[in-house]
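Inside the fold
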Amino acid sequence: MVGMSVLRSAAALAGRLNPLKSNIPVGTLLSGSALKTEKAVVRYGSHGKKMFIIKPSDYYDRRFLRLLQYYTLLTGIPLAAFITFVNVFIGDAELAEIPEDYVPDHWEYYKHPITRWIARNLLDDPAKEYEKMMALVQMEQEKTEMRNLQMQVRRHMRQKGDGAWFQVETIDKSLIDYSPKATPDN
Amino acid sequence: MKDHEPGAYPEPPKQTPVVEKETALPNPALIGTKLFYYSVDLPVTKFREIIDSIRGRNKYYYYHQNFRRVPDLTECVEGDYLCYYEAEMQWRRDFKVDQEIVKIMQDRLRACQTREGPSYLQNCNEELKKFDQVAKAFDARYGDLGANANSRRCLMKQKQRMMEKPQMA
């Protein structure tokens, strides 16, 4: 009788632990047969069961992108609007032949109105820049020539010795003591 | 005067035949073109016309600058750095002009190829010859000078060419 109950509980255990069977919840350990409960088919009216998805915080990433967007658009939008209005209401210049006896100003060689404005108000005339560079070149040329001349003069004066440079100061002639010469057979 | 010359790239006369409708079925190509016209072409053209009318009230012009010719690098006395500077600037301007010339020849060849379609190998010979000539000349003059090209280096290259000519002949 005891063996029979041991066999029965062993069979129940085997039945519970069978991997091929689905996970059937058991009521108590002493129940002879496994409790069978079917899965209920639930149809939701919403998008399914609300899940609480656990993932790391993306607050900092989104904050960074938000701030990036904000600060670039803060000056980006006025700039884009300004450029659009300039292009729509003022527009590009048209190419034309230079009329007779007319010398165009230096900004009248550019097409876009903003480039023209910059050339007119912020930058110098390209001819002026050219002349400024030429002035620098001339100063450097004069310096080079001077240095070259000085080098040659120095070399000549050193070699020949009869120039104004490289003269060694000798002592005054009146300071020479000729008294040993008074007695030649000394 | 426009920025580009429309007469420089002439299009051949159109040879589309007149379509005579023989069936009662609708022509899908015609429907497609009409759809494109009313949805894309017309609004874009209207927008352009509005903008042009706004822009056209105050017209102003820009010009191409003419630079005076100055003595070349070969005509400069040695040590005259001012003359060197002016010759260098003139050489740089001429270099830019030559680059633009090559670009124009490339554009012409490209336009010819687009125009002719599949028969470009046959019909584009003149453009091809001219482009070949211009490209060879540019290569001979400015070929391997590199990024730090200089009027002096270009002059040395010319000297090399002149030295090689009697050797080749």
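Residues numbered from 1 in each chain as written. Chains lettered and ligands numbered in written order. Predicted model: local features only at pLDDT ≥ 70, side-chain atom pairs only at ≥ 80, totals over all residues. Heavy atoms only, no water.

**Some remarks on the overall build of chain A**
Regarding its fold elements, chain A presents 5 helices and 1 strand. Written out in order from the N terminus, the α and β elements of chain A read α-α-β-α-α-α. When each of the 186 residues of chain A is scored for burial, the buried share is 10%. The long-range share in chain A, meaning contacts at least 24 apart out of those at least 6 apart in sequence, stands at 12%. Carbon and sulfur atoms provide 61% of the accessible area of chain A, an area that totals close to 17200 Å². (Helix = DSSP H or I, 4+ residues; strand = E, 2+ residues; numbered from the N terminus. Buried < 20%, exposed > 50% of the residue type's maximum accessible area, 1.4 Å probe, protein only. Contact = heavy atoms within 4.5 Å. Areas by Shrake-Rupley, 256 points an atom, 1.4 Å probe, with all protein chains shown as cover.)

**Considering helix H1 (residues 28-55) of chain B**
It helps to recall that an α-helix has 3.6 residues per turn; residues three or four apart then point in one direction. Between its first and last C-alpha, H1(B) extends 39 Å over 28 residues, near the 40 Å set by a 1.5 Å rise per residue. The principal kink in H1(B), of about 40 degrees, is found at B:Tyr37. (Expected span 1.5 Å × (residues − 1). Bend = angle between axes of the 7 residues up to and from the residue.)

**Comments concerning the state of the cysteines**
Residue and element names in this part refer to chain B. Counted by the stated rule, this structure contains 2 disulfides over all chains. With a sulfur-sulfur separation of 1.9 Å, Cys 76 is cross-linked through a disulfide to Cys 83. Its S-S torsion of approximately -80 degrees makes the covalent link between Cys 76 and Cys 83 left-handed. Residue class for Cys 76 comes out buried when judged on its relative accessible area of 13%. Using a relative accessible area of 14% as the deciding quantity, one classes Cys 83 as buried. Cysteine pairing in chain B follows 1-2, 3-4, where each cysteine in a disulfide is numbered by its order in the sequence. (Disulfide = S-S within 2.5 Å.)

**A few points about the interface of chain A and chain B**
Opposite the 27 residues of chain A that make contact, chain B presents 22 residues. Interface of chain A and chain B: buried area, both sides summed, is about 2600 Å²; carbon and sulfur atoms make up 61% of it. When the area that chain A buries against chain B is broken down by residue, the three leading residues are A:Glu94, A:Leu95 and A:Tyr130, summing to 28%. The tally of links from chain A across to chain B stands at 1 salt bridge. The salt bridge involving A:Glu94 is made with B:Lys59; its shortest N-O contact spans 3.4 Å. Taken together, the connections running from chain A to chain B amount to 10 residue pairs in polar contact (both at pLDDT 80 or more). No other element matches helix H4 (residues 126-160) of chain A, which puts 6 residues into the side of chain A that touches chain B. Here the side of chain A that touches chain B is built from residues that sort into 17 nonpolar, 4 polar and 6 charged. In this sheet, strand E1 (residues 61-62) of chain B lies alongside strand E1 (residues 94-95) of chain A in parallel orientation, the contact comprising 2 bridges. Among the inter-strand pairings, A:Glu94 is bridged to a residue of E1(B), identified as B:Tyr61. (Buried area = accessible area lost by both parts, 1.4 Å probe. Salt bridge = Lys/Arg side-chain N within 4 Å of Asp/Glu carboxyl O. Polar contact = N/O pair within 3.5 Å; in protein donor to acceptor, adjacent residues only side chain to side chain. Nonpolar A, V, L, I, M, F, W, Y, C, P; charged D, E, K, R; others polar. Pairing = 2+ DSSP bridges.)

**Considering the layout of surface pockets**
Space inside the largest pocket adds up to approximately 2100 Å³. Looking at the largest pocket, it is lined by 46 residues, and the ones nearest its centre are B:His64, B:Gln65, B:Asn66, B:Phe67 and B:Arg93. Of all the elements in the fold, those that place two or more residues in the lining of the largest pocket are H4 of chain A together with helix H2 (81-116) of chain B. For the lining of the largest pocket, the per-class residue count stands at 21 nonpolar, 7 polar and 18 charged. (1 Å grid on protein atoms, 1.4 Å probe; cavity = no way out; pocket = protein on both sides within 12 Å on 5 of 7 lines; lining within 4 Å. Points joined across faces, edges and corners; volume = space filled by probe spheres on them.)

**Here's the deal with the environment of A:Trp165**
Residue and element names in this part refer to chain A. Along the polypeptide, Trp 165 turns up in the loop between H4 and helix H5 (179-182). Distance from Trp 165 to Val 153, taken between C-alpha atoms, is 9.2 Å for residues 12 residues apart in sequence. Excluding residues that lie within four positions of it along the chain, Trp 165 makes contacts with Gln 150, Val 153, Arg 154 and Met 157.

**Remarks on the confidence of the model for chain B**
Residues of chain B with pLDDT of at least 70 account for 97%, and the chain-wide mean is 89. The ipTM, which scores confidence in the relative placement of chains, is 0.74 for this predicted complex, and the corresponding pTM is 0.70. (pLDDT = per-residue confidence, 0-100.)

**Points about the side chain of B:Asp98**
All names here are of chain B. Positionally, Asp 98 belongs in helix H2. Engagement of the side chain of Asp 98 in a polar contact is seen with the side chain of Arg 141, the distance being 3.3 Å. There is a polar contact of 2.5 Å between the side chain of Asp 98 and the side chain of Tyr 142. Among residues more than four places away in sequence, those in contact with Asp 98 are Phe 138, Arg 141 and Tyr 142.

**Observations concerning a nonpolar patch on the surface**
Taken together, the side chains of A:Leu67, A:Tyr70, A:Tyr71 and A:Leu74 present a nonpolar region at the surface, about 430 Å² in accessible area. With respect to the secondary-structure elements, A:Tyr71 resides in helix H2 (residues 59-90). (Patch = residues over 30% accessible without salt bridge, like charges linked within 9 Å, V, L, I, M, F, W, Y side chains within 5 Å.)

**Thoughts on the packing of H2(B) against helix H4 (residues 125-142) of chain B**
All names here are of chain B. For the pair H2 and H4, interaxial distance at closest approach is 10 Å and the crossing angle is 155 degrees. What the angle tells us is that H2 and H4 run roughly antiparallel. At the point where H2 passes H4, the crossing takes the left-handed sense. Partitioned by chemical class, the residues of the contact of H2 with H4 number 12 nonpolar, 2 polar and 7 charged. (Axes fitted to C-alpha atoms, helices over the stretch in contact; angles between N-to-C directions. Parallel < 35°, antiparallel > 145°, perpendicular 65-115°, else oblique. Left-handed = near helix turned anticlockwise from the far one by under 90°.)

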